Amino acid sequence: MRTLIAAIAICVAGFAVSAAPTAPVVDAVITAKGMPKKLSDFGFFTDAAGWKPNKGVELYQLNSALFTDYAEKYRYIYVPAGQRAVADGDGLLQFPVGSALIKSFGYEIDGKDRLLETRVLLHRADGWIALPYVWNAEQTEATLKVAGKRIPVRFTDPSGESRDISYAVPNKNQCKECHSLSGEVMPIGPKSRNLSHDTLDMLLSNAMLEQKSGSHPPVADYDDAAMPLESRARAYLDINCAHCHNRQGSASNSGLFLTYEEESPVHLGVGKRPVAAGRGSGGFEFAIAPGNPDESIMMHRLKSLESGVAMPEVGRSLVHAEGAALLSKWIAEMEKE
Amino acid sequence: MIRTLLVATALCCTMPALAKTITVEAGADAQEKLQEALILAEPGDVVELGAGTFTLTDGLSLDVDQVTVRGQGMDKSILSFAGQLGAGEGLLVTSDDVVLRDFAVEDSKGDGIKSKGADRIVYHAIRVEWTGGPKASNGAYGIYPVEASDILVQDSIVRGASDAGIYVGQSKNIIVRRNTAIENVAGIEIENSFDAEVTENLVTENTGGILVFDLPNLPQMGGHNVLVARNAIINNNTDNFAPEGNIVASVPAGTGVMVMANRNVQVVENAMINNGTSNVMVVAYTQSFDDPNYDPTPRDVYIANNVYGRAGFAPDFEGGQQLAAAFGGALPGVFYDGLGKGLIVNDAVSVLNLGLTKVGQSPAEAKPTLHEQKGKGETVALSPIVLPASMEAALK
């Protein structure tokens, strides 16, 4: 029986190349209870290596992206046929049950693009569930690893430097730590304001999205030096920190709230003393000391690689030099109090 | 038919009636095996830790309600995080009705065990320790429940935390009972919390023994109704080793009990002995803040029926030595900054009143006197903290 299924799968993959009809995404696997053992169970991709999205699975782009050790990320959105996501008044996307967000992580290694892991967020009747799948060395299948995994990786970073890291695939709970809003799993990236212009056009023209009300000014691309410094810094904090540092997030008890909407300077960190930072404080008094990045706890923790000090707590084993430089400049230009 | 059967099975699985015990032994792959067990556990299950040392490479976490994690004893089942590469704590719990008992967490890089938003959590006979003794490089908190209702910490031992051994923050309905806190900066700290009992603990060789604090700019403020009773608070004279910037870094070595910016705190029937700055301090929050909803003063603090040993012989703050000299070589056993209102001290102990009139005023402007109180003051006893019966039952 299993052999037969495997044979069919191979046939399907074979046909894909010759543009014959392929098996569609398996909606029942997305919505059923349980945790599928293999990424291929979903049918999100038509090839075994996870590069060719199936019908209805669309590649999308964000304006500003979370830093994950310089990994390349490939994001896909799937909405069940005939349904659409709705952008509500706050610009959050409300996805119908049966939707999935799929994100593959990889590096160019020895001149070849290789995938390390693919994370899926599945919208089921009882809420979202986040699951991590790890690719095999042959790049032919990704297998569920609820407990996460560490993978040694050597790659060349954007500055040309060779890096050896212990890449951490998050465990299922760590997925939720970041994707948590009032204790429930929620998507982070796909907000109207953070979807690229092209992505919004694509979703609208594919009838995958309905925009309920007004437009939401897009979040700046923090890498875009032509944008105002303030916008870039706030965009960086929003996508890299605010998934935990918000009033309903994993770091709600810190009182440090870094969302794009936050208006209170003290909750953004300006003149804010630490609460539970421990040695994360680095001996400094304030999260942000205006005009003085070198004495700001925020910079100390962004630039640290030490567990218990480094922020974000998961998903980073390297310093994001470009991000740190951006925030450092932002703090340096703040008026001293 | 098959579908009906599957649905029925699925329903049964969520019922504790089919609860199972998942045993995890120490050894190779401890990280993956234990983390997997904590993820795949279902409500009602017990994750049982074998005897031995579990060598872990990353933080662990539990997010399933009604799970018990139980070891063979706090000196037998040891989770060692000495080689931890990631995460902000050793073990993180984010689900409700969890019982943690009979195991140890050693040398985590951040906090020891954190439970966030985890209601009705029981910590019983847990040991959290930084085995190198007190060091600024140790993690901040040992046992760290935060933002939850109904918390019970009992018969546990915490040593070496660079902030607080047992720290309960922004929570409600709390019992911290019969624990030992040794060689931490703060032994036990109740912060921005409502309705807490800290009773029958041994708190010794910390910088400060028991702290009841409230801090500004946090989601839950206005700490109140805290009973500190029948504790042994002895010899808390360890040099402050907290990293600067944290509020506990400002706690003088030699502090027995410190009540800061809280309301309705009762310090009764404790033995407070040999704390070099003061056996009890009642003070306002002195740092600058920008928060109209925050009251920095101590209000309605009641001190009675305590046993006092020596105190105030080595005051660890600027001008402390001169002040002690003015009082004949040692400060009085109780130290009050003069701010807030409603302090009652019914014990036969002298009370130093700094006579400050404004929050944040320089101690140089203090007009120290002995606090005068005519007769015995009266208060209303705090209502006893009642926890759900299931929590007390978990101690058995």
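Thresholds, definitions, all that
- Residues numbered from 1 in each chain as written.
- Chains lettered and ligands numbered in written order.
- Predicted model: local features only at pLDDT ≥ 70, side-chain atom pairs only at ≥ 80, totals over all residues.
- Heavy atoms only, no water.
- Helix = DSSP H or I, 4+ residues; strand = E, 2+ residues; numbered from the N terminus.
- Rg over C-alpha atoms; globule rule 2.2 N^0.38 Å.
- Buried < 20%, exposed > 50% of the residue type's maximum accessible area, 1.4 Å probe, protein only.
- Areas by Shrake-Rupley, 256 points an atom, 1.4 Å probe, with all protein chains shown as cover.
- Lys, Arg positive; Asp, Glu negative; His and termini not counted.
- Charge placed at Lys NZ, Arg CZ, Asp CG, Glu CD.
- Core = buried A, V, L, I, M, F, W, Y, C linked by side-chain atoms within 4.5 Å.
- Contact = heavy atoms within 4.5 Å.
- Buried area = accessible area lost by both parts, 1.4 Å probe.
- Salt bridge = Lys/Arg side-chain N within 4 Å of Asp/Glu carboxyl O.
- Polar contact = N/O pair within 3.5 Å; in protein donor to acceptor, adjacent residues only side chain to side chain.
- 1 Å grid on protein atoms, 1.4 Å probe; cavity = no way out; pocket = protein on both sides within 12 Å on 5 of 7 lines; lining within 4 Å.
- Points joined across faces, edges and corners; volume = space filled by probe spheres on them.
- Pairing = 2+ DSSP bridges.
- Phe/Tyr/Trp six-rings, centres within 6.5 Å; stacked < 30°, edge-to-face > 60°.
- Lys NZ or Arg CZ within 6 Å of the ring centre and 35° of its normal.

**Here's the deal with the overall build of chain B**
Then comes step 1: Looking only at helices and strands, chain B has four helices and 34 strands in total.
Then comes step 2: In summary, chain B has a C-alpha radius of gyration of 22 Å against a globular reference of 21 Å for 396 residues, a match within 12%.
Then comes step 3: The principal-axis extents of the C-alpha atoms in chain B amount to approximately 85 × 40 × 40 Å.
Then comes step 4: Each of the 396 residues in chain B was classed as buried or not, and the buried ones make up 60%.

**Some thoughts on the overall build of chain A**
Then comes step 1: Of regular secondary structure, chain A possesses eight helices and 13 strands.
Then comes step 2: The C-alpha radius of gyration computed for chain A amounts to 21 Å, which stays within 12% of the reference 20 Å derived for 337 residues, consistent with globular compactness.
Then comes step 3: Structurally, chain A occupies a C-alpha span of about 70 × 45 × 35 Å along its principal axes.
Then comes step 4: Counting only residues that meet the buried cut, chain A has 53% of its 337 residues in that class.
Then comes step 5: Accessible area of chain A: about 15300 Å², with a carbon and sulfur share of 55%.
Then comes step 6: If you average the places of the 35 positive and of the 40 negative side-chain charges in chain A, the two averages end up 7 Å apart.

**Some points on the nonpolar core**
Then comes step 1: Leu79(B), Leu100(B) and Phe103(B) are the most contacted members of the largest nonpolar core, which totals 66 residues.
Then comes step 2: Per-element tally for this core: the top contributor is helix α2 (residues 30–40) of chain B, with four residues.
Then comes step 3: With residues up to four places along the chain from it excluded, the contact list for Leu100(B) reads Val69(B), Leu91(B), Val93(B), Ile113(B), Ile121(B), Val122(B), Tyr123(B), His124(B) and Ile126(B).
Then comes step 4: Among the nonpolar cores identified, the runner-up in size contains 41 residues, and Phe67(A), Tyr107(A), Val169(A) and Ile188(A) belong to it.

**Digging into the interface of chain A and chain B**
Then comes step 1: Across the contact, 36 residues belong to chain A and 44 residues belong to chain B.
Then comes step 2: When chain A packs against chain B, the two sides together hide about 3100 Å² of surface, and 50% of this comes from carbon and sulfur.
Then comes step 3: Looking at the side of chain A facing chain B, the largest losses of area belong to Asn253(A), Arg273(A) and Arg279(A), adding up to 19% of the total buried there.
Then comes step 4: Glu32(B) is the partner of Lys145(A) in a salt bridge, and the nearest nitrogen-oxygen pair spans 3.3 Å.
Then comes step 5: At the boundary of chain A and chain B, one finds 18 residue pairs in polar contact (both at pLDDT 80 or more).
Then comes step 6: Those elements giving two or more residues to the side of chain A that touches chain B turn out to be α3 (172–178) and α6 (265–268) of chain A.

**What to know about empty space enclosed by the protein**
All names here are of chain A.
Then comes step 1: In total, this model carries three cavities of 30 Å³ or more according to the counting rule given.
Then comes step 2: The calculated volume of the largest cavity comes to roughly 80 Å³.
Then comes step 3: The wall of the largest cavity is formed by Leu 66, Phe 67, Tyr 236, Asn 240, Cys 241, Leu 302, Pro 312, Arg 316, Val 319, His 320, Gly 323 and Ala 324.
Then comes step 4: Mapped onto the lining of the largest cavity, the elements with two or more residues apiece are α5 (229–240) and α8 (321–332).

**Structural notes on the pattern of salt bridges**
Residues and elements named next belong to chain B.
Then comes step 1: Applying the stated criterion across every chain, the model contains 30 salt bridges over all chains.
Then comes step 2: Residue Lys 20 pairs with Glu 42 through a salt bridge whose shortest N-O separation is 3.1 Å. One end of the pair, Lys 20, is in the loop between α1 (2–13) and β1 (21–24); the other, Glu 42, is in the loop between α2 and β2 (46–49), and 22 residues separate them in sequence.
Then comes step 3: Across the pair Glu 129 and Arg 159 runs a salt bridge, and its minimum N-O distance is 2.6 Å. Remark: Arg 159 occurs in strand β15 (residues 157–159) and Glu 129 occurs in strand β12 (residues 127–129); sequence separation between them is 30 residues.
Then comes step 4: Several salt bridges share partner residues, and in doing so they unite Asp 75, Glu 106, Arg 127, Glu 129, Arg 159 and Glu 183 into one network.

**Details of the pairing of strand β13 (residues 143–146) of chain B**
Residue and element names in this part refer to chain B.
Then comes step 1: Here β13 shows no split at all, with Ile 143 and Pro 145 on one side and Tyr 144 and Val 146 on the other all buried.
Then comes step 2: Bridge analysis of strand β10 (residues 111–116) against β13 gives four bridges, and the strand direction is parallel. Within β13, the residue paired with Lys 114 across the bridge is Tyr 144.

**Some remarks on the environment of Asn253(A)**
Then comes step 1: Mapped onto the secondary structure, Asn253(A) falls in the loop between α5 and α6.
Then comes step 2: Taking the C-alpha atoms as reference, Asn253(A) lies 8.7 Å from Ala276(A); in sequence the two are 23 residues apart.
Then comes step 3: Residues in contact with Asn253(A), not counting those within four places in the same chain, are Lys114(B), Lys116(B), Tyr144(B), Val146(B), Glu147(B), Gln170(B), Leu218(B) and Pro219(B).
Then comes step 4: A polar atom in the side chain of Asn253(A) sits 3.0 Å from the side chain of Tyr144(B).

**Considerations on the packing of aromatic side chains**
Then comes step 1: The final tally for this structure, using the stated rule, is 17 aromatic pairs over all chains.
Then comes step 2: Measuring from centroid to centroid gives 5.7 Å for Phe95(A) and Trp128(A), while their planes differ by 90°, and the two rings are edge-to-face. Placement of the pair is Phe95(A) in the loop between β4 (93–94) and β5 (100–109) and Trp128(A) in strand β7 (residues 127–135), with a sequence separation of 33 residues.
Then comes step 3: You can call Phe95(A) buried: its relative accessible area is 7%.
Then comes step 4: Plain terms: the ring middles of Tyr141(B) and Tyr144(B) are 4.5 Å apart, the flat faces sit at 70° to each other, and that makes the pair edge-to-face. No difference in accessibility class separates Tyr141(B) from Tyr144(B), as the two residues are buried.
Then comes step 5: Of the aromatic side chains, those joined through ring pairs into one cluster are Phe42(A), Phe44(A), Tyr78(A) and Tyr133(A).
Then comes step 6: Positioned above the aromatic ring of Phe105(A), the side-chain terminus of Arg119(A) is 3.9 Å from the ring centre.
Then comes step 7: A cation sits over an aromatic face here: Arg310(B) above Phe313(B), 3.8 Å from the ring centre.

**Looking at the pairing of strand β16 (residues 164–169) of chain B**
All names here are of chain B.
Then comes step 1: Across the six residues that make up β16, a large majority, six, are buried.
Then comes step 2: In this structure, β13 lies alongside β16, joined through two bridges in parallel fashion. Residue Ile 143 lies in a different strand from β16, and its bridge partner there is Ile 166.
Then comes step 3: Bridge count for β16 against strand β19 (residues 186–191) is five bridges, and the pairing is parallel. Bridge pairing in β19 places Gly 169 opposite Glu 191.

**Notes on the sheet that holds strand β18 (residues 180–182) of chain B**
Residues and elements named next belong to chain B.
Then comes step 1: If you trace the 10 strands from one edge of the open sheet to the other, you get β3-β6-β9-β12-β15-β18-β21-β24-β27-β30, paired in parallel fashion. Two strands in the sheet have a free side with no partner beyond their single neighbour: β3 (52–55) and β30 (307–308).
Then comes step 2: Relative to strand β6 (residues 77–80), β3 is paired through four bridges, and the arrangement is parallel. Residue pairing across strands places Thr 55 opposite Ser 80, the latter belonging to β6.

Purely geometric stuff here, so don't read any function into it on its own.
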